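Take a look at the letters that make up each chain.
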Amino acid sequence: MSAGSSLRSADQFLCSICLDVFTDPVTTPCGHNYCKTCITHFWDDNVLYKCPLCQETFYTRPQLKVNTLFREMVSEFRREAQQKSSSSSSEQQAAEPGEVPCDVCTGTRLKALKSCLVCLASYCETHLEPHLTASRLKRHQLVEPVENLEDRICRKHDKPLELFCKTDQTCVCTLCPVLDHKTHEFVPLREEYEGKKAELQKTEAEIQQMIQKRRLKIQEIRASLKISNDAAHREKAEGVQVFTDLKESVERRLKEFMKEMEDKQKTAEKQAEDFIKDLEQEICELKKRSSEVEQLSRSEDHLHLLQRFSSLEDAPPTKNWTEVRVHPPSYEGTVVRAVEQLEKNLREKMKKLFEADVTLDPDTAHRKLILSDDGKQVYHVDVEKNLPDNPERFSTSACVLGKQSFSSGRFYFEVQVKGKTDWTLGVARESVNRKGKITASPQNGYWTVGLRNVNEYLAAKDPPVRLHPSSPPEKLGVFVDYEEGLVSFHDVDAAALLYSFTGCSFREKLHPFFSPFINNGGKNSAPLIICPVNQTV
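The numbers attached to residues start from 1 for each chain and follow its sequence in the written order. pLDDT decides what is reported in this predicted model: residues at 70 or higher carry local features, side-chain atom pairs at 80 or more are listed and counted, and totals for whole chains, interfaces and linings draw on all residues regardless. Values shown for side chains rest on all heavy atoms present in the structure; no hydrogens or waters enter the calculation.

Asker: Is there a simple way to think about the overall build of the protein in this case?
Answerer: What counts as a helix is a DSSP run of H or I of at least four residues, what counts as a strand is a run of E of at least two, and both are numbered from the N terminus. A count of helical and extended segments in the protein gives 8 helices and 23 strands. Between the two quantities, the radius of gyration covers C-alpha atoms and the globule rule is 2.2 Å times the number of residues to the power 0.38. Computed over its C-alpha atoms, the radius of gyration of the protein comes to 57 Å, more than 25% above the 24 Å expected for a compact globule of 537 residues. Counting only C-alpha atoms and orienting by the principal axes, one finds that the protein spans roughly 200 × 90 × 45 Å. Each of the 537 residues in the protein was classed as buried or not, and the buried ones make up 31%. Any pair of residues with heavy atoms lying within 4.5 Å of one another is described as a contacting pair. Within the protein, counting contacts between residues at least 6 apart in sequence, those at least 24 apart form 56% of the total. Carbon and sulfur atoms provide 52% of the accessible area of the protein, an area that totals close to 34,100 Å². Positive and negative side-chain charges of the protein, numbering 75 and 81 respectively, have mean locations separated by a distance of 5 Å. The buried label goes to any residue with under 20% of its type's maximum accessible area, the exposed label to any with over 50%, and the partly exposed label to all in between, with areas taken from a 1.4 Å probe on protein chains only. With residues, only the protein chains shown are counted as cover, and all accessible areas are computed by Shrake-Rupley using a 1.4 Å probe. As used throughout, the charge tally considers Lys and Arg to be positive and Asp and Glu to be negative, leaving His and the chain termini uncounted. Charge coordinates come from a single atom per side chain, which is NZ of Lys, CZ of Arg, CG of Asp or CD of Glu.

In structure tokens:
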């Protein structure tokens, strides 16, 4: 049997009143079939006796009898349908948790394929068939399987919710505008659905944008954390190196200190032992002479006594021990000197640890400055060089920056200023103004100290701070701690702090800054020289 004939046969065996397979089918005079109970109840509720399908009116109530032939055909159809249902059920899947089950299935409830908004029920493939074959059921609205179908029906009018009341912002049936929402504004559910869907899409886009921003923030935080962790690892490594060197220096200085103390102690012990040895030798000689004198004094031989007396009269050679002293060595200051030497060694190691290999950047140098080939020296001349006036170059002030830039950590460099009457040293922000007259101050991005007029040392603040070194520095050390916001200047030879800028807020790259000033007719012609740490120039 073809699929088409199968569908027609199924439709023919369904009662148009109960929409189920016939039970005790009877035939009306007009030729239509119904369940005996269904047509009986239908006529019981009506004054006129009509056919529900063709509406033909019977003036007297027809006497109906069961159509036995048709009943046998219905029974055969029912058996085939049950066999097909059993076979189909074995192939279909049972509803899993979270899936909508069929409302008709008994026993194992199969997964629903559709839900009917008219019947308010969900159907599996087998029980959905009447909605696909029966002409009246085909008009029912089928949707994808959903739970809580009663929520889709107007509780007041028992009709599907098909409209949206914009006034009350609620879903209503077709009767609600007529009975309960007469003056309200209504639109079809689909129209409101499209509007709300557009709003949701906009909200979703905004949420995705917020998510993206937060993901970027997470990346930023992770990047910052990585920088922090890398800095911590570097700091740990530097700390281990410093404290290892410190431990080795302490142990070495302790050995040197103990050896110095032991050498002094041994010298004192040897001197005392030599004195004691000489004294014991003299005591031995004196005892021997004492014995001889005692024996001679007891002699009764006049001649013998007189003959020996002259040889015993002269005392044996002895030392005058009255002023002899064992002077203990001086230990005072030994510990202090050892600690001072240790401190000096540690300071030198710290300088080496943060030493930066700084060279001068010719692209930033004023046209009257001469730079050495290795980029370590700079001095001023009276004649300008023919150089392009690029944005990086200082146009008026005799200044130059270091090539290297620093945006984290610590760094240190030393510069010889010996023989100069004017100079300025320090660090500057990468974005400082390089055209026109330069006013060096932290507000303008400069952290510097300098010498003016041979003996006037200043820290470039606003107003400037006068400095008072114990002696004219010949070599300056510049130390920067970027995160700490510290720039300090040291007299290298005197191991003394000249000045510190503290609480600085660095937000961009820093470059070493140098100004040898004008040569002043040769009086200030000596160069500024970048020196390797711990090397004398």
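After that view, the rundown keeps rolling.
Asker: I keep staring at the sheet that holds strand β10 (residues 186-188) and nothing clicks. Help me out?
Answerer: As a general point, the strands of a sheet are linked pairwise by backbone hydrogen bonds and lie either parallel or antiparallel. We call two strands paired when DSSP finds no fewer than two bridges between them. Across the sheet, 3 strands lie side by side as β9-β8-β10; this open sheet has antiparallel pairing. The open sheet is flanked by β9 (170-172) and β10, the only strands paired with a single partner. Mean inter-strand twist for the sheet, computed between neighbouring axes without regard to direction, equals 35°. The sheet contact formed by strand β8 (residues 163-165) and β10 spans 3 bridges and is antiparallel. Note on β10: the bridge partner recorded for L163 is P188. Angles here are taken between N-to-C directions and fall from 0 to 180 degrees, while the axes themselves are lines fitted to C-alpha atoms, restricted in helices to the stretch in contact. Together, β8, β9 and β10 form the strand contacts of helix α6 (residues 189-297), whose direction differs from that of β10 by roughly 85°.

Asker: Looking at this model, I keep getting lost on the nonpolar core. Mind explaining?
Answerer: If you look at soluble globular proteins, the nonpolar side chains tend to sit buried side by side. Counting 38 residues, the largest nonpolar core has W423 and F514 as its most contacted members. Setting aside its immediate chain neighbours within four residues, W423 contacts V417, V449, G450, L451, R452, Y457, L476, S515, F517 and L528. Within this scheme, the nonpolar core is defined by two criteria: the residues are buried Ala, Val, Leu, Ile, Met, Phe, Trp, Tyr or Cys, and they are joined through side-chain atoms within 4.5 Å. Counting residues in each nonpolar core, the second largest holds 19 residues, with F13, C15, Y34 and I39 among its members.

Asker: Before we go on, may I ask you to explain unusual backbone geometry in this structure?
Answerer: For residues that are not glycine, phi is negative in most cases, and the peptide bond is trans in most cases. Residues D462 and P463 are joined by a peptide bond in cis, for which omega reads 5°. Locating P463 in the fold gives a position in the loop between β17 (456-459) and β18 (465-467). Of note in the backbone geometry, A495 takes a positive phi value of approximately 50° without being a glycine. Its location among the elements puts A495 in the loop between β20 (486-491) and β21 (496-501).

Asker: Could you clarify how one ought to interpret the pattern of salt bridges in this entry?
Answerer: Pairing between side chains of opposite charge can happen when the charged atoms of each approach one another. The salt bridge criterion pairs a side-chain nitrogen of Lys or Arg with a carboxyl oxygen of Asp or Glu, the two atoms within 4 Å. Under the criterion given, the structure shown has 19 salt bridges. With a closest N to O distance of 3.1 Å, E192 and K166 form a salt bridge. Highlighted residues: E192 in helix α6 and K166 in the loop between β8 and β9, separated in sequence by 26 residues. For K166, a relative accessible area of 31% translates into the label partly exposed.

Asker: Any chance you could explain the side chain of H366 here in plain terms?
Answerer: Tracing the backbone through its elements, the reader meets H366 in the loop between α8 (334-353) and β11 (369-371). Its relative accessible area of 6% is what places H366 among the buried residues. There is a polar contact of 3.0 Å between the side chain of H366 and the backbone nitrogen of K368. The residues contacting H366, other than those within four sequence positions of it, are E384, R393, F394, S395, T396, S397, A398 and C399. Two N or O atoms count as a polar contact when they lie within 3.5 Å, although within protein this holds only if one can serve as hydrogen donor and the other as acceptor, and sequence-adjacent residues are included solely when both atoms are side-chain atoms.

Asker: Just checking my understanding: could you explain the sheet that holds β17 for this structure?
Answerer: Pairing is antiparallel across the open sheet formed by 6 strands, whose spatial order is β13-β22-β15-β16-β17-β18. Of all the strands in the sheet, the pair left with one neighbour each is β13 (400-401) and β18. In the sheet, β13 pairs with strand β22 (residues 510-515) via 2 bridges, with the strands oriented antiparallel. Paired with L401 across the two strands is F513, which belongs to β22.

Asker: In this structure, what is going on with the confidence of the model for the protein? I would like to understand it.
Answerer: Residues shown with low pLDDT carry predicted positions that ought not to be read at fine detail. Confidence of the predictor in every single residue is expressed as pLDDT, which spans 0 to 100. Across the protein, the average pLDDT comes to 85, with 92% of residues at or above 70. Note on residues 1-8: pLDDT under 50 across the span, and 3 contacts to partners over four residues away in sequence or across chains.

Asker: Any chance you could explain helix α2 (residues 36-44) here in plain terms?
Answerer: Note that an α-helix has 3.6 residues per turn; residues three or four places apart therefore point the same way. Residues C38, I39 and W43 constitute the buried set of α2. Seen from one end, α2 has its buried residues packed into an arc of 125°, which puts them on one side. Close packing links the buried residues of α2 with β1 (25-27), β2 (33-35), β3 (49-50) and β4 (57-58). The arc under discussion is defined with respect to the helix axis, by the directions toward the C-beta atoms.

Asker: What should I look at first to understand the pairing of strand β16 (residues 446-452) in this one?
Answerer: Look at any regular strand and the pattern is simple: side chains alternate between the two faces of the sheet. With 6 of 7 residues buried, β16 lies mostly within the body of the structure. Where strand β15 (residues 423-429) meets β16, 6 bridges bridge the pair, whose relative direction is antiparallel. Paired with A428 across the two strands is Y446, which belongs to β16. One ladder, built from 4 bridges, connects β16 with β17; its direction is antiparallel. When the sheet's bridge partners are listed, L451 is paired in β17 with Y457. Hairpin geometry of β16 and β17 is characterised by an intervening segment of 3 residues between the two adjacent antiparallel strands and by a positive phi of about 55° at N453.

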